[in-house]
Amino acid sequence: MGRGSHDCSVLGSFLVLLCLSSAAAQKASTWKTLSGDAPLVIAKGGFSGLFPDSSGFALSFVSASSPSAALWCDVQLTKDGAGICLPDINMNNCTIIPNAYQNGVKTYNVNGVSVKGWFPMDYKSTDLLRDVILKQSIFSRTDKFDGLPIVPVEDVLSKYKTPAVWLNVQYDSFYSQFNLSMRNYILSVSKQYVVDYISSPEVNFLNSLIGRVSNKTKLVFRFLDEHTVEPSTNQTYGSMLKNLTFIKTFASGVLVPKQYILPVTQDNYLQPHTSVVDDAHKAGLKVYAANFANDFLLSYNYSHDPLAEYLSFIDNGAFSVDGVLTDFPITPSAAIGCFTNQNNSKKDHAAKPLVISHNGASGDYPDCTDLAYQKAVTDGADVIDCPVQVTKDGIPICMSSIDLGDVTTVATSQFASQTTIIKDIKDTPGVYSFNLTWEDIVKNLKPRISNPMSNYQMYRNPRNRNAGTFMRLSDFLAFAKGQDLSGVMISVERAAFMAEKLGFGVVDAVIKALDDSGYSKQTAQNVMIQSTNSSVLVKFKQQTKYNLVYMIEENVGDAAPSSVADIKKFADAVSVNTLSIYPATAKFLTNQTNHLVQSLQSAGLPVYVYVLMNEFLSQPYDFFSDATLQINGYVKRLDGGVDGIITDFPATAHRYKLNSCMNMGNNTPVFMLPPQPGGLVQSMLGASMGELRAQPEEPSDQHPTTARCYTLDATRRDHGRRLDLWPRTHARGRRQASARRRPMASVTTPAAPAARPAGRHAAVYVAAMPLRGPKGPGQAMMSAVYSLGLWDLQHFMVLLRPDPARTQALVFDFQPRDPEDVLAAFAVMSQSKIPGVVRRRTLPRVPETRCWLVGHCNGDGDAAVHAADRFSERWPTDLVVGRHDCRDYTNDQPPMMDNLPSSVWIVNRELLETETKLATLDHIIR
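Residues numbered from 1 in each chain as written. Predicted model: local features only at pLDDT ≥ 70, side-chain atom pairs only at ≥ 80, totals over all residues. Heavy atoms only, no water.

**Structural notes on the packing of helix α19 (residues 506-516) against helix α20 (residues 534-543)**
Rules: Only C-alpha atoms enter the line fits that serve as axes; for helices the fit covers just the stretch in contact. Angles between N-to-C directions range over 0 to 180 degrees. The numbering of helices and of strands both runs from the N terminus, where a helix is a DSSP run of H or I of at least 4 residues and a strand a run of E of at least 2. An angle below 35 degrees is read as roughly parallel, one above 145 as roughly antiparallel, one from 65 to 115 as roughly perpendicular, and any other as oblique. Handedness of a crossing follows from how the near helix is turned relative to the far one, being left-handed for an anticlockwise turn of less than a right angle and right-handed for a clockwise one. By definition, residues are in contact when any of their heavy atoms lie within 4.5 Å. Three residue categories are used. Nonpolar comprises Ala, Val, Leu, Ile, Met, Phe, Trp, Tyr, Cys and Pro, charged comprises Asp, Glu, Lys and Arg, and polar comprises the others, including Gly.
Interhelical geometry of α19 versus α20 gives an angle of 40° and a closest axis separation of 10 Å. By the angle class used here, α19 and α20 are oblique. Seen from above, α19 lies across α20 with right-handed handedness. Mapping the contact onto sequence places Val507, Asp508, Val510 and Ile511 in α19 and Val536, Lys539, Phe540 and Gln543 in α20. Its residues assigned to classes, the contact of α19 with α20 shows five nonpolar, one polar and two charged.

As structure tokens, then:
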């Protein structure tokens, strides 16, 4: 059977742009792989760096963003022998199974390690596919796409467009203890589908497949930690690495952790590469490297640049691995397709974008030091910069902050007590450059590297945190004049303060330094003067002919023609911050109309964007934790790309200028297309509102006077912003306009305690669950949109627990007559009419999550059930999502169950219609 393809639309408009092109860059050179072919990109669980591992979204996104990548599935077996794709045998790490099966926790010995959790072989596949949804297993990643359904192995093999599928079998011997044969399962699916790669860390399992799977299926032996013992041979994986000829008897390749090839020191710096690749190639084995992810801590040698890491494994001049296993397949795809065989010494200062350093190569060395400037030049910067400060003895120096405490070791020096508060600069104490002489600074202080992400324990080049020497402006100009640069940029701030408070004319001092260095009499290097103060630029314009750059500090989306005309009176170019070009909220790009770059360029003003950093935490999710893709987004932006990049890491920007896909036009490969602003937001807007949660019901033996009527809380998990839900009024299931809306109490302002009636009284709940989708593409569509939390695509129902002494509950809900009909999926999306039906069924217990107590009936349970049945019989069954659906039924049913408060409406369309508009997004998720 062949492989199909999910419709690209399940990921929303974000993929539309990516789906326009399927071209891949071609390489004429010979690779140093075993076969001479380009390395294989293996997408671990799909695009798991953004979406939950092995989810439908993660798998679909690979074909749209990295079409040459293979799909990886970690195969797990269920109680009935079905195969599902899950990254971990302990489902607690990657699903919300504790919510569905609270009492299912067990402890097993998994390959010699005691593991406590929930395991797939304890559940039938139908139960897992129905009740359990996936979550992002790495907590530092966004949880906005949590809730996607588990994907069967057969679906990966048949429904997703991919050149290859890789099945990884990690626990064959463990499953055999439960009379589950991974071998038989793999052989079964191999007869029905094309399986391109099968890997396992167990020798006996791979041996059992030899001669039983297709000759085209490649068997790969997976190495674990070198001290771990392989269960079949009772040897450590480290010792087995010395006997590759034995591995060759049952495998065509090896999959090894990347540190097997390029080990790192204890303080995370690279060591010389090992001979693993060469040894394996000599034995006829391909080598696949594992454990790549853009948002993992990389060796400091890579300067937080994931693309640089991939290049060190595939394009280092000595060897190339045959493939990489990654959570972010788009980055190695770009590395292979566009960034190999570069001549990094090549410089073209006229080519866009202009690479402008920010305090030198401040991502690798302390700001504005000799080492930072030397590295910026070596790394290919076109322009190096000097932010000017002044010392007590009137010497202009290059220093990124006027407060020495930000960039030097003054806090541990004899000058630490000289702190002062200067309101004109900041409200907190500081030791300022003008408090010390140049000799005080250069002889007693050391530079200190900037660490903008230190709050997240992410640091820059610790070995050189205090390396380098400070530079005066004259030193900087003398150094730059002899380098291969297109120019220098001098930043001047607080000129008025220096003149009024210090009696120092910084503009005159800079002009004099430039004259003394000969810059006013040469044309080889351009001199750029940057400032946020237009008066400073006006003064330079009156006295010099230097290129003037106006830096806009505020976030701006556009510039009125009159404003642009004013800027042109004193500036030749403009610097704007990253958010002015790509507005973002909660680290997602938003689809706000933005013509700033276009407006400025149309007026003849080049645009430079600042400040770009390699650390993934500085980037919106839409750039996939890849600094190179972020640069590409700013340069290739569809509404106008920037002319220059101001960056802490000039090497990354310079390498980008040399990429072979730079000028491919319509043939640009998909992985080098810029992001569509707002694409990811539109895909997960509903999820951005957070999970609805409720407090648990009070125990049944609680004193009646302390019982509560619980309300809904739409507080977001990360920011704690409260959204109050509003009631609606209804009549006979039809919506009526409410003349006045009254907010429900939120968890932060609890409703007044309501006494629970004495006796046998039924409890009424409202619950939400995923829509049941049709099999195939329709199911993918329905499951995907539900998983993103879109309110229109959650199914609401009423639960009645007639007897408080028993856990059993009755479910009443209104749904499509045939929810698995593919037409039902399209009807949901198009809001057209379809046949509906009201159903009643039994649950063994009230769900633990997405279920809220509404109240208690005054009558007994039998009376409440009878009232609910009567209401259901009268309910109109033509279903139209958005006008007459499960939400209307859920809102209207509880009041019919005898004496429940009519003001308690759970599902609210007014809120939905207002707050899912993109215009209010900032209010919702800020």
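**Regarding the state of the cysteines**
Selection rule: Cysteine sulfur atoms are paired as a disulfide whenever they come within 2.5 Å of each other. When accessible area is computed with a 1.4 Å probe and restricted to protein chains, residues below 20% of their type maximum are described as buried, those above 50% as exposed, and intermediate ones as partly exposed.
Tallied over the entire structure, the rule returns three disulfides. Residue pairing for Cys338: its cysteine sulfur links by disulfide to Cys661, the two sulfurs lying 1.9 Å apart. On the sign convention where negative is left-handed, the bridge of Cys338 and Cys661, at about -85° about the S-S bond, is left-handed. Within this pair, whereas Cys338 is found in helix α13 (residues 330-338), its partner Cys661 is found in the loop between α25 (650-657) and α26 (679-684), the two being separated by 323 residues in sequence. Cys338 gets classed as buried once you look at its relative accessible area, which sits at 1%.

**A closer look at the packing of aromatic side chains**
For the record, the criterion: Between rings of Phe, Tyr and Trp, where Trp is taken as its six-membered ring, a pair exists when centres lie within 6.5 Å; planes separated by under 30 degrees are stacked, by over 60 edge-to-face, and by other angles tilted.
Within this structure, the stated rule accounts for 41 aromatic pairs. Aromatic side chains Phe174 and Tyr175 sit 6.0 Å apart centroid to centroid with 65° between the ring planes, which places their arrangement in the edge-to-face category. The pair Phe174 / Tyr175 is uniform in exposure class, with both members buried. For the ring pair Phe246 and Phe250, a centre distance of 5.4 Å and an interplane angle of 70° mean the geometry is edge-to-face.

**Some remarks on the side chain of Lys657**
What counts, and what does not: Within 3.5 Å is the distance limit for a polar contact, defined as a pair of N or O atoms, with the added protein rule that one can donate a hydrogen and the other accept it, and that residues adjacent in sequence qualify only through two side-chain atoms.
Inspection of the secondary structure puts Lys657 in helix α25. Of the polar contacts made by the side chain of Lys657, one reaches the backbone oxygen of Asp348; its length is 3.1 Å. For Lys657, the side chain forms a polar contact with the main-chain oxygen of Pro353, separated by 3.3 Å. Not counting the four nearest positions on each side in its chain, Lys657 is found in contact with Asp348, His349, Ala351, Lys352, Pro353, Val355, Asp382 and Met662.

**A short note on the pairing of strand β9 (residues 218-222)**
For clarity, the cut-off: For two strands to count as paired, DSSP must find a minimum of two bridges between them. Handedness is read with the strands pointing away from the viewer; a crossover is right-handed when the path from the first strand over the helix to the second is clockwise.
Of all five residues making up β9, four are buried, and the element is well covered by its neighbours. Across four bridges, strand β8 (residues 197-200) lies against β9 in parallel orientation. Note that in β9 the partner of Ser200 across the bridge is Phe221. The handedness of the β8 to β9 crossover, carried by helix α8 (residues 203-209), is right-handed. Of the strand pairs in this sheet, β9 and strand β12 (residues 253-257) are connected by three bridges, and their pairing is parallel. Residue pairing for β12: Phe221 is matched across the bridge by Val254.

**A closer look at α25**
When you tally the buried positions in α25, you get seven out of eight residues, the bulk of the element. When α25 is considered as a whole, its buried residues turn out to be Pro650, Thr652, Ala653, His654, Arg655, Tyr656 and Lys657. Structurally, α25 contributes buried residues whose contacts are with α12 (306-314), β15 (354-357), α14 (370-378), α24 (627-635) and β26 (644-647).

**What to know about the nonpolar core**
Quick note on the threshold: For this analysis, a nonpolar core means a set of buried residues of the types Ala, Val, Leu, Ile, Met, Phe, Trp, Tyr and Cys, connected via side-chain atoms within 4.5 Å.
One finds Phe221, Ile247, Ile261, Ile384, Val510 and Ile529 to be the most contacted residues of the largest nonpolar core, which totals 171 residues. Here this core gets seven residues from one element, more than from any other, and that element is α19. Those residues within four positions of Val510 in sequence are excluded, and the remaining contacts are Val388, Leu473, Ile490, Val492, Ile529 and Phe540. By size, the runner-up hydrophobic cluster in this structure holds 17 residues, among which are Cys857, Ala864, Trp875 and Tyr889.

**What to know about the environment of Asp327**
Relative to the helices and strands, Asp327 is located in the loop between β14 (323-326) and α13. In the structure, Asp327 is positioned 37 residues away from Ala290 in sequence and 9.8 Å away in space, judged by C-alpha atoms. Among the polar contacts listed, one links the side chain of Asp327 to the side chain of Arg141, at a separation of 2.9 Å.

**Digging into α19**
Among the residues of α19, those classed as buried are Val506, Val507, Ala509, Val510, Ile511, Ala513 and Leu514. Count one or two residues on from α19 and you reach Gly518, which has phi positive near 85°.

**Considerations on the pattern of salt bridges**
This is how the line gets drawn: Here a salt bridge means any side-chain nitrogen of Lys or Arg lying within 4 Å of a carboxyl oxygen belonging to Asp or Glu.
Enumeration over the complete set of coordinates arrives at 25 salt bridges. Close ionic contact of Asp143 with Lys144 constitutes a salt bridge, the shortest N to O distance being 3.8 Å. On the basis of relative accessible area, Asp143 is assigned to the partly exposed category, the value being 25%. Given a relative accessible area of 8%, Lys144 falls into the buried group. A salt bridge links Lys443 to Glu439; the shortest N-O distance between them is 2.8 Å. Here Lys443 pairs with Glu439, and both are found in helix α16 (residues 438-444), just four residues apart, close to one helical turn.

**Quick notes on the pairing of strand β22 (residues 573-577)**
Here is the key point about a regular strand: its side chains alternate between the two faces of the sheet. With respect to burial, β22 is a largely interior element, five of its five residues being buried. Covered by surrounding structure in β22 are Ala573, Ser575 and Asn577 together with Val574 and Val576, the residues of both alternating faces. Where the polypeptide runs from strand β21 (residues 547-552) across helix α21 (residues 561-568) and back to β22, its parallel neighbour, the crossover connection is right-handed. The pairing of β22 with strand β25 (residues 607-612) spans four bridges and is parallel. By the bridge assignment, Val576 is partnered in β25 with Val609.

**Considering the layout of surface pockets**
Note the threshold: Put simply, the grid is 1 Å and covers the protein atoms alone, a cavity is a trapped set of points that fit a 1.4 Å probe, a pocket is an open set with protein on both sides within 12 Å along at least five of seven lines, and lining residues have an atom within 4 Å of a point. Grid points are joined across faces, edges and corners, and a volume is the space filled by probe spheres set on the points.
Counted as a void, the second largest pocket has a volume near 810 Å³. In terms of lining, the second largest pocket is formed by 36 residues, of which the most central are Pro87, Asp88, Gln170, Tyr171 and Arg222. Of all elements in the fold, only β2 (70-77), β5 (113-117), β13 (286-292) and β14 reach the threshold of two or more residues within the lining of the second largest pocket. It is β13 that contributes the most residues to the lining of the second largest pocket, three residues altogether. For the lining of the second largest pocket, a count of residues per class yields 17 nonpolar, 11 polar and eight charged.

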